[in-house]
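Listed below are the residues making up each chain.
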Amino acid sequence: MNGELLIKNGRVIDPANGVDEKCDVLIVDELFAEVGKIERKVDKVIDAAGKIVAPGLIDIHVHFREPGDEEEETIASGSAAAVAAGFTSVVCMPNTNPPIENETDVEYIHRKGRQTRKTHVYTMGAITKKRQGVELAEMGFMVEAGAVGFTDDGNGVQDPAVMLRALKYAAMFDTVISQHCQDDGFGGGGVMNAGYYSTVLGLPGMDGLAEEAMLWRDIQLVRKTNVRYHAQHISTAGAVELIRGAKKESLPITCEVTPHHLLLSEECCAEYDTNYKVNPPLRRAEDVEALKEAIREGIVDALVTDHAPHLQSEKELEFLTAPFGIASLECALGLYVKALIEPGILDWPGLIELMTARPARIIGVNKGTLGKGKQADVTIIDPEAEYTVDVNSFRSKSRNCPYDGWELKGRVEKTIVGGEIRFES
Ligand SMILES: [Zn+2]
Ligand SMILES: [Zn+2]
C-alpha cells in the first residue's frame, strides 16, 4: 500500500514495547510510523473503538500440504484461512510430498506465498533427507533461501548422533532446530494416548514417555552444543517438567503448545471419532492442567495450531487407520480465548505476546510488534464478539475439526498485512 492509514481509538496492545493503552496507530507506506494520540488528515481511517489492535498474529506451526496433497490444502487456501483467522505470518512444516529439503523447495513455498498475497508464508526445512533421520539435508542452502528453522515434523529424529550433528551444523547458521519429540523405541502403531482409555477402547497406545525420552535426550545434546532448540507441541506433564528444568538452567530451549492439548483430553476418543486422532495424542486431564500451569508460569514460548488438514474420505476410515491431525486454523484465536483468557490463565497482553513477539523471536524474524519502521502487520480483534464454529464456512479445504458447533468469543475483525487490508469480517 502507498499512503497513510490511521487506526483510531483501539486498545493498542504491543507486548514487546510494553504498550497497553487506548490510542492510535499510524501506518505509512507499508510500515509502522507512530503509536500514540495522533491527530492528522490521512488517506484512510479505521475506527477501532472497543476493539483490540495487536501486532499481526504469527503461527509457527501449520501444514499447508503443498506440494503433494493439494486436495487437502494449498498454500492459497491455507493462506486465505490464515488471514481470516488474524494470522499475518505462518510457518509451513516441511513434511510435504516430496518434503522441503533443498533451496529450490524453500523458494517454491515462498514464491507461492507471495503470489497468493494473503499472509506472509515462511517455511522450515527438513533436518534430514526425505525426513528419514539418516543423512542431514542441505541446511545451509535452505537458510540462504530463507528457511526459518528445521524439523522432521511428523517424525522425531531418532538417532542421537544424527541429532547431535544437526545441532552442530545449525550452530553455523544461527537457526533453530525444532523437534517433534517422539522416541519410536517405545513402539510405533499407537493411535491414542496409552492408558486407561486406550485399554478400555482396545486401541494401541502412544506412551507419554516417548515424548519425554526424546525431549530429555535432546536437552542433554543442547547442553553440549548450546544451539537454539524448539520443542514442538509439548503435551505431557513430564515434558513440562523437563522444559521447566531446562529453562532454570537457561538453556536456549523454547516450546509451543496447541489448542487441542489445552481443550481436549484422551476421553474425547471414546466414540472412536477420528477428528480427535492427533499426534501427539490427546493426553490425560492432569497433562492438560500441567500445560495450563506452564503457560501461567511463562515457560511456554508460543501458541500454535499445528493446523493439519485432511480429506473427509481419509478421516472417515476407522480410528486405527485414519491419519493424525486437526484443522483448527480458522478458530484458533477463539479457542485460545476459551482455553486461556476465560479461565484467567492469561490476560489479553499475555495471550498476544505468545502469538506475536515470542514466536517471532523463535524463528528469528523482525516481526511481532508495532515498533516504528517495522512492516505493518496488524490484527484487529473484537474481544466481545461471539460466534459459532461452522466448518462449512472454512476457507481451508479440509473439515477435520472437532470444534464444529462450539460457541467461541473473540473474533478477528480485520487483518492488515504490509499496510494492506487483506481480510475484513
Ligand atoms: Zn508434529
Ligand atoms: Zn505438525
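Residues numbered from 1 in each chain as written. Chains lettered and ligands numbered in written order. Predicted model: local features only at pLDDT ≥ 70, side-chain atom pairs only at ≥ 80, totals over all residues. Heavy atoms only, no water.

Notes on the coordination of the zinc ion (ligand 1)
In the first shell of the zinc ion (ligand 1), the protein supplies Asp153 (OD), His180 (ND1) and His233 (NE2), at 2.0 to 2.1 Å from the metal. For the zinc ion (ligand 1), the donor residues sit on a single chain with the sequence spacing D-x26-H-x52-H. Between the zinc ion (ligand 1) and the zinc ion (ligand 2), a spacing of 3.5 Å is present, and a bridge between the two is formed by Asp153. One end of the pair, Asp153, is in the loop between helix H3 (139-144) and helix H4 (160-171); the other, His180, is in the loop between strand E9 (177-179) and strand E10 (192-193), with 27 residues separating them in the sequence. Given a relative accessible area of 3%, Asp153 falls into the buried group. (Donors = N, O, S within 2.8 Å, 3.2 Å for Na, K, Ca; no water. Helix = DSSP H or I, 4+ residues; strand = E, 2+ residues; numbered from the N terminus. Buried < 20%, exposed > 50% of the residue type's maximum accessible area, 1.4 Å probe, protein only.)

Brief notes about the side chain of Asp218
Topologically, Asp218 is positioned in helix H6 (residues 208-225). Looking at Asp218, its side chain comes within polar contact range of the side chain of Gln179, at 3.0 Å. When neighbours within four sequence positions are excluded, Asp218 is seen to be in contact with Met163, Gln179, Cys181 and Tyr229. (Polar contact = N/O pair within 3.5 Å; in protein donor to acceptor, adjacent residues only side chain to side chain. Contact = heavy atoms within 4.5 Å.)

A look at the packing of aromatic side chains
A complete count under the given rule lists three aromatic pairs for this structure. Pairing Tyr196 with Tyr197 gives two aromatic rings, centres 5.1 Å apart and planes at 85°, and the pair type is edge-to-face. Judged by its relative accessible area of 26%, Tyr197 is partly exposed. The interplanar angle of 80° and the centroid separation of 4.9 Å between the aromatic rings of Tyr403 and Trp406 together place this pair among those described as edge-to-face. Take Tyr403: its relative accessible area is 0%, and that puts it in the buried class. (Phe/Tyr/Trp six-rings, centres within 6.5 Å; stacked < 30°, edge-to-face > 60°.)

So, the coordination of the zinc ion (ligand 2)
Only His61 (NE2), His63 (NE2), Asp153 (OD) and Asp306 (OD) from the protein coordinate the zinc ion (ligand 2), and they sit 2.1 to 2.3 Å from it. Coordination at the zinc ion (ligand 2) is irregular, judged from the four donor atoms that bind it and the angles of 83 to 166° they form at the metal. Taken in sequence order, the residues that donate to the zinc ion (ligand 2) follow the motif H-x1-H-x89-D-x152-D. (Tetrahedral: all angles 85-135°; square planar, octahedral: opposite > 155°, others 65-115°.)

Here we look at the nonpolar core
Ranked by internal contacts, the top residues of the largest apolar core, which has 81 residues, are Ile295, Leu340, Trp348 and Leu351. Per-element accounting of this core gives the leading share, seven residues, to helix H11 (residues 332-341). In this structure, Leu264, Cys331, Leu335 and Cys401 belong to the second largest nonpolar core, which totals 20 residues. (Core = buried A, V, L, I, M, F, W, Y, C linked by side-chain atoms within 4.5 Å.)

Observations concerning the sheet that holds strand E8 (residues 120-123)
Taken in spatial order, the three strands line up as E6-E7-E8 in an open sheet, and their pairing is parallel. Bordering the open sheet on either side are strand E6 (57-62) and E8, each of which pairs with just one other strand. Going across the sheet, the axis of each strand differs from the next one's by a mean of 20°, ignoring polarity. Pairing between E6 and strand E7 (residues 87-92): four bridges, direction parallel. Residue pairing in the sheet places Val62 in a bridge with Cys92 of E7. (Pairing = 2+ DSSP bridges. Axes fitted to C-alpha atoms, helices over the stretch in contact; angles between N-to-C directions.)

A closer look at the environment of Pro402
Mapped onto the secondary structure, Pro402 falls in the loop between strand E15 (378-388) and strand E16 (407-417). Given the relative accessible area of 9%, Pro402 is considered buried. Placed 134 residues apart in sequence, Pro402 and Cys268 show a C-alpha to C-alpha distance of 9.6 Å.

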